[in-house]
Amino acid sequence: MSNTTFLEPGAEELGTQFIENGYVILPAQDVDALARIRELVVGGATSALGQDLPKDHGDYLNNFHKHVSIENLNNVRLKVIEELNSQDWTRPAYFNLARQAIYDIVGNELAMQRRLNLSIQLPDDTSSLLPVHADVWSGDSPYEIVVWVPLVDCYDTKSMYLMPPDKDRPLQARMGEVFKNASAQELFQHIEHHVQWMNVPFGHVLVFSQTLMHGNQPNLVPETRWSMNCRFKSLFSPYADKRLGEFFEPITARAATQMALDYDLPGGFGDV
Ligand SMILES: O=C(O)CCC(=O)C(=O)O
Ligand SMILES: [Fe+2]
């Protein structure tokens, strides 16, 4: 029997999972790249605190709340983010963590967010929370997906939650009527029993649709959460407020596209 579909079988299957669940969790494609990124993060944190590099990076990050005060936390976070974004190898390395999944789910001519984000949540810390939201509500295009990468095992409240599409869509459709004056916490209480906490062990990546409501709550696990996130979209899909050249940068434009962008219509006709 001859084939009647155009997508590769792997892309078809992963795409179906993504549409049904709103996310996929996969082993990191390039484990060396993940180790290099985590080592850079540990190096940034220890240098911010004037410490030596520890032997066990996972153990150091999980126990980070024993090394830092909440007052100093943002300082350290900013220094590590600066370190992550000052190296030219980190974004290609980050892309390589989920390259095939991004090709399968998004496409192969891509724009990538110019900055890698880092999130650190100490146990019981209420100062670095992200209330329930969808990124599309604040200037992101629905065509963007998030690649979310834990640097330690993330589960329960040490992780983030995501609304499943079949629960999210009807609720977003009625949001104006039902939640007009509700606070984010009231909204969370309403969705709490539907949300799914993302169980993402270190060594894995989460790819999710930021059009679904998501966020986090105080981390009640007695370990520090470290995760990174970065957005990708199909290069020629519609942009919202996060513009190409400002927030996004083309990373995998192909030869035909480059040739087309360089092409000028025939000239010399004396047009004014
Ligand atoms: O890491 C989290 O808890 C939330 C991340 C998030 O909102 C995002 O990456 O869009
Ligand atoms: Fe978000």
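Residues numbered from 1 in each chain as written. Chains lettered and ligands numbered in written order. Predicted model: local features only at pLDDT ≥ 70, side-chain atom pairs only at ≥ 80, totals over all residues. Heavy atoms only, no water.

Engineer: Looking at this model, I keep getting lost on the pattern of salt bridges. Mind explaining?
Structural biologist: Side-chain pairing between opposite charges can occur once the charged atoms of the two side chains come close. On inspection of all chains with the given rule, the structure shows seven salt bridges. Across the pair D135 and R231 runs a salt bridge whose closest N-O atoms are separated by 2.9 Å. Of the two residues, D135 is situated in the loop between β3 (117-121) and β4 (145-150) and R231 in strand β9 (residues 225-234); the sequence distance between them amounts to 96 residues. Taking relative accessible area as the criterion, D135 reaches 5% and is therefore assigned buried. Overall, R231 belongs to the buried group, its relative accessible area being 10%. Note that R231 and D140 form a salt bridge whose closest N and O atoms lie 3.9 Å from each other. Here R231 is found in strand β9, whereas its partner D140 is found in the loop between β3 and β4, with 91 residues between them in sequence. Since its relative accessible area comes to 4%, D140 is described here as buried. One network of salt bridges, with partners in common, ties together D135, D140, R231 and K242. (Salt bridge = Lys/Arg side-chain N within 4 Å of Asp/Glu carboxyl O. Helix = DSSP H or I, 4+ residues; strand = E, 2+ residues; numbered from the N terminus. Buried < 20%, exposed > 50% of the residue type's maximum accessible area, 1.4 Å probe, protein only.)

Engineer: Even after reading the chapter, I still don't get the coordination of the iron ion (ligand 2), so can you show me in this structure?
Structural biologist: Coordination of the iron ion (ligand 2) by the protein comes from H133 (NE2), D135 (OD) and H214 (NE2), over a distance range of 2.1 Å. All donors of the iron ion (ligand 2) come from a single chain, and their spacing in sequence reads H-x1-D-x78-H. Of the two residues, H133 is situated in the loop between β3 and β4 and H214 in strand β8 (residues 214-215); the sequence distance between them amounts to 81 residues. The class for H133 is buried, based on a relative accessible area of 17%. (Donors = N, O, S within 2.8 Å, 3.2 Å for Na, K, Ca; no water.)

Engineer: Where do I start with helix α9 (residues 184-191) in this structure?
Structural biologist: Because each turn of an α-helix spans 3.6 residues, side chains separated by three or four positions end up pointing in the same direction. Residues L187, F188 and I191 constitute the buried set of α9. Projection of α9 onto a plane perpendicular to its axis shows the buried side chains occupying an angular sector of 100°, all on one side. At its buried positions, α9 is contacted by β5 (161-162), α7 (165-173) and α8 (175-178). (Arc of directions from axis to C-beta. Contact = heavy atoms within 4.5 Å.)

Engineer: Would you mind showing me how to read the site of ligand 1 here?
Structural biologist: Taken together, L130, H133, D135, V146, W148, M160, F208, H214, N216, R225, N229 and R231 make up the full set of residues near ligand 1. Within the side chain of H133, a nitrogen or oxygen atom sits 3.0 Å from an oxygen atom of ligand 1. Within the side chain of D135, a nitrogen or oxygen atom sits 3.0 Å from an oxygen atom of ligand 1. Taking 290 Å² as the accessible area of ligand 1 by itself, protein coverage stands at 97%. Comparing atom positions with the cavity grids shows ligand 1 to sit within the largest pocket. (Near = heavy atom within 4 Å. Polar contact = N/O pair within 3.5 Å; in protein donor to acceptor, adjacent residues only side chain to side chain. Areas by Shrake-Rupley, 256 points an atom, 1.4 Å probe, with all protein chains shown as cover. 1 Å grid on protein atoms, 1.4 Å probe; cavity = no way out; pocket = protein on both sides within 12 Å on 5 of 7 lines; lining within 4 Å. Sits in = over half its atoms within 2 Å of the grid points.)

Coordinates in, geometry out; function isn't part of it.
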